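Observations on chain architecture
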Amino acid sequence: MEDEIETTKKIARRLIIAFKEFDVHGFPLKEQDKLREILDDAIVESTHISGSDLVHQREHFVVVSEHVLKLISITGTTKTLYQDFCPMYNDGKGAVWISETKAIKNPYFGAGKMLHCGSIQKVIN
């Protein structure tokens, strides 16, 4: 994984579009409000990623990852996903991210610095 700030900004802009286009209407009314709140927060965090430097991108990616986990807990998934965890990020507080592969590619330390630090915390089906 490379530390590609501009690529990350482009991906964040695509995430914003996906979050805005997510249709909550197929879910029970009680869940729709939760989904809207999560999506709104994810849009705010993704907007920060789309316009910031690498350090701030990573800080906001932590929160986006948490929002995506909340979305998945409500909506489910048709893919096998991996909830990965880096115990060293954020001064040892750690952070999670979602991956489609078993291979650990740590987005919090990235290229040249502990790229493979972390472990699969949970398999999500």
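Up top you'll find the structure we're talking about.
The shown structure was predicted, so the numbers you read here are calculated from the model rather than taken from an experiment.

Reading guide: rules and limits
- Residues numbered from 1 in each chain as written.
- Predicted model: local features only at pLDDT ≥ 70, side-chain atom pairs only at ≥ 80, totals over all residues.
- Heavy atoms only, no water.
- Helix = DSSP H or I, 4+ residues; strand = E, 2+ residues; numbered from the N terminus.
- Buried < 20%, exposed > 50% of the residue type's maximum accessible area, 1.4 Å probe, protein only.
- Contact = heavy atoms within 4.5 Å.
- Polar contact = N/O pair within 3.5 Å; in protein donor to acceptor, adjacent residues only side chain to side chain.
- Pairing = 2+ DSSP bridges.
- Axes fitted to C-alpha atoms, helices over the stretch in contact; angles between N-to-C directions.
- Core = buried A, V, L, I, M, F, W, Y, C linked by side-chain atoms within 4.5 Å.
- Salt bridge = Lys/Arg side-chain N within 4 Å of Asp/Glu carboxyl O.

1. Regarding the environment of His25
Among the secondary structure elements, His25 is positioned in the loop between helix 1 (5-21) and helix 2 (29-50). What makes His25 exposed here is its relative accessible area of 59%. Setting aside residues no more than four positions away along its own chain, His25 makes contact with Gln32 and Arg36. There is a polar contact of 2.6 Å between the side chain of His25 and the side chain of Asp23.

2. A short note on the sheet that holds strand 2 (residues 95-99)
Spatially, 2-1-3 is the arrangement adopted by the 3 strands of the open sheet, whose pairing is antiparallel. With partners counted over all chains shown, the strands left at the sheet margins are strand 2 and strand 3 (119-124), one partner each. Neighbour-to-neighbour, the strand axes of this sheet turn through a mean angle of 25 degrees, independent of strand direction. With 5 bridges connecting them, strand 1 (residues 81-86) and strand 3 associate as antiparallel partners. Considered in strand 3, the bridge of Leu81 is made with Ile124. Packed on one face of the sheet, helix 3 (residues 54-75) meets strand 1, strand 2 and strand 3 and runs near 60 degrees to strand 2.

3. Things to note about the nonpolar core
One finds Ala12, Ile16, Phe19, Val24, Leu35, Ile38, Leu39, Ala42, Ile43, Ile49, Val64 and Leu71 forming the largest nonpolar core, which totals 12 residues. Contributions of two or more residues to this core are made by helix 1, helix 2 and helix 3. A total of 6 residues in this core trace back to one element, the largest contributor, which is helix 2. The residues contacting Ile38, other than those within four sequence positions of it, are His67, Lys70, Leu71 and Ile74.

4. Describing the environment of Thr78
Along the chain, Thr78 turns up in the loop between helix 3 and strand 1. In sequence terms Thr78 and Asn125 are 47 residues apart; their C-alpha atoms lie 6.8 Å from each other.

5. Considering the pattern of salt bridges
Applying the stated criterion to the full structure yields 3 salt bridges. Among the salt bridges present, the one from Lys9 reaches Glu6, with a minimum N-O distance of 3.4 Å. Separated by 3 residues within a single helix, Lys9 and Glu6 lie in helix 1, roughly one turn from each other. You can call Lys9 buried: its relative accessible area is 17%. Note on Glu6: relative accessible area 49%, which makes it partly exposed.

6. A short note on the pairing of strand 1
Burial within strand 1 is extensive, with 5 of its 6 residues counted as buried. Examined bridge by bridge, strand 1 and strand 2 share 5 bridges and lie antiparallel to one another. Residue pairing in the sheet places Asp84 in a bridge with Trp97 of strand 2.

7. Focus on unusual backbone geometry
Note: most residues except glycine have negative phi, and most peptide bonds are trans. The backbone of Asn90 shows a phi angle near 60 degrees, a positive value even though the residue is not glycine. Here Asn90 is to be found in the loop between strand 1 and strand 2. With a relative accessible area of 38%, Asn90 lands in the partly exposed category. Positioned with a positive phi, Asp91 is a non-glycine residue whose angle comes to about 55 degrees. Structurally, Asp91 is set in the loop between strand 1 and strand 2.

By themselves these figures say nothing about function.
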